[in-house]
Amino acid sequence: MPRLALIDIVRRNKVSPEGAERMSTMPWEQFKKSFNVWEKATSDLMQVWLESPLVLEPAGKMLTTMMKGKAASDQALRLWWGQMGLPTKHDQERTLHALNELERRLIDLEDQIEDAAEGA
């Protein structure tokens, strides 16, 4: 704490400098204690509340509904991409697999050509 603020506290409250220092930190200490009490009470309450079937069952139903909606949305998007003539994710994966297979075969052929050239 700045020295001038401590001097002001000493003059106003007629306390020693040590007492002034303690008085300047008291509001913070009181706030910390109050916050810790509030946090503990809130934590205990939330723990009980979030484990309650009254909360878990509706939350589970809401999550299930949201996942069904997402699946329907994904399906509609796949159909739309297909109708537009654009490749879907599945089409892209299948093409990538075919390209990887062709690359593997090409590398094998190159190796066979090198082996044949060394043997001749």
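These figures come from a predicted structure and were not determined experimentally.

With that out of the way, let us pick up the side chain of Thr-88. In this fold, Thr-88 is placed in the loop between helix H3 (53-83) and helix H4 (89-119). In this view, Thr-88 contacts Arg-78, Trp-81 and Gly-82; residues no more than four positions away in its chain are not counted.

With that out of the way, let us pick up a nonpolar patch on the surface. Taken together, the side chains of Leu-77, Trp-80, Trp-81, Met-84 and Leu-86 make up a nonpolar region of the molecular surface, amounting to roughly 500 Å² of accessible area. Within the element layout of this structure, Leu-86 appears in the loop between H3 and H4.

What follows concerns the packing of aromatic side chains. One pass over the full model with this rule turns up 3 aromatic pairs. Ring centres of Phe-31 and Phe-35 lie 6.3 Å apart, and the angle between their planes is 25 degrees; this geometry places the pair in the stacked category. Separated by 4 residues within a single helix, Phe-31 and Phe-35 lie in helix H2 (residues 17-50), roughly one turn from each other. Relative accessible area serves as the criterion here: at 37%, Phe-35 is assigned to the partly exposed category.

Moving on, we come to a negative patch on the surface. Judged by side-chain charge, Glu-110, Asp-111, Glu-114, Asp-115 and Glu-118 come together as a negatively charged surface patch. For Asp-111, the location among the structural elements is in helix H4.

All right, on to the pattern of salt bridges then. For the coordinates displayed, the defined rule picks out 6 salt bridges. Put simply, Lys-40 and Asp-44 hold a salt bridge, and the shortest N to O gap is 3.0 Å. Of this pair, Lys-40 and Asp-44 are both found in helix H2, 4 residues apart, which corresponds to roughly one turn of the helix. Owing to a relative accessible area of 52%, Lys-40 belongs among the exposed residues under this scheme. Overall, the relative accessible area of 39% leaves Asp-44 in the partly exposed class. Of the charged contacts in the structure, one is a salt bridge between Arg-104 and Glu-101, with a shortest N-O distance of 2.4 Å. On the criterion of helical spacing, the pair formed by Arg-104 and Glu-101 is a turn pair, its members being 3 residues apart in helix H4. Among the residues examined, Arg-104 registers a relative accessible area of 44% and is labelled partly exposed.

Our focus in this paragraph is H3. Between its first and last C-alpha, H3 extends 45 Å over 31 residues, near the 45 Å set by a 1.5 Å rise per residue. Its side-chain oxygen at 3.1 Å from the backbone nitrogen of Leu-54, Ser-52 defines the N-terminal cap of H3. One or two residues past the end of H3 sits Gly-85, with phi positive at roughly 85 degrees.

Now for the confidence of the model for the protein chain. The predicted coordinates of low-pLDDT regions are not to be read in fine detail. Chain-level statistics for the protein chain give a pLDDT mean of 84 and a share of 78% at 70 or above. Predicted confidence in the protein chain is weakest over helix H1 (residues 3-13), with a mean pLDDT of 55, and strongest over H3, with 94.

Definitions and limits used
Residues numbered from 1 in each chain as written. Predicted model: local features only at pLDDT ≥ 70, side-chain atom pairs only at ≥ 80, totals over all residues. Heavy atoms only, no water. Helix = DSSP H or I, 4+ residues; strand = E, 2+ residues; numbered from the N terminus. Contact = heavy atoms within 4.5 Å. Patch = residues over 30% accessible without salt bridge, like charges linked within 9 Å, V, L, I, M, F, W, Y side chains within 5 Å. Areas by Shrake-Rupley, 256 points an atom, 1.4 Å probe, with all protein chains shown as cover. Salt bridge = Lys/Arg side-chain N within 4 Å of Asp/Glu carboxyl O. Phe/Tyr/Trp six-rings, centres within 6.5 Å; stacked < 30°, edge-to-face > 60°. Buried < 20%, exposed > 50% of the residue type's maximum accessible area, 1.4 Å probe, protein only. Lys, Arg positive; Asp, Glu negative; His and termini not counted. Charge placed at Lys NZ, Arg CZ, Asp CG, Glu CD. Expected span 1.5 Å × (residues − 1). Polar contact = N/O pair within 3.5 Å; in protein donor to acceptor, adjacent residues only side chain to side chain. pLDDT = per-residue confidence, 0-100.

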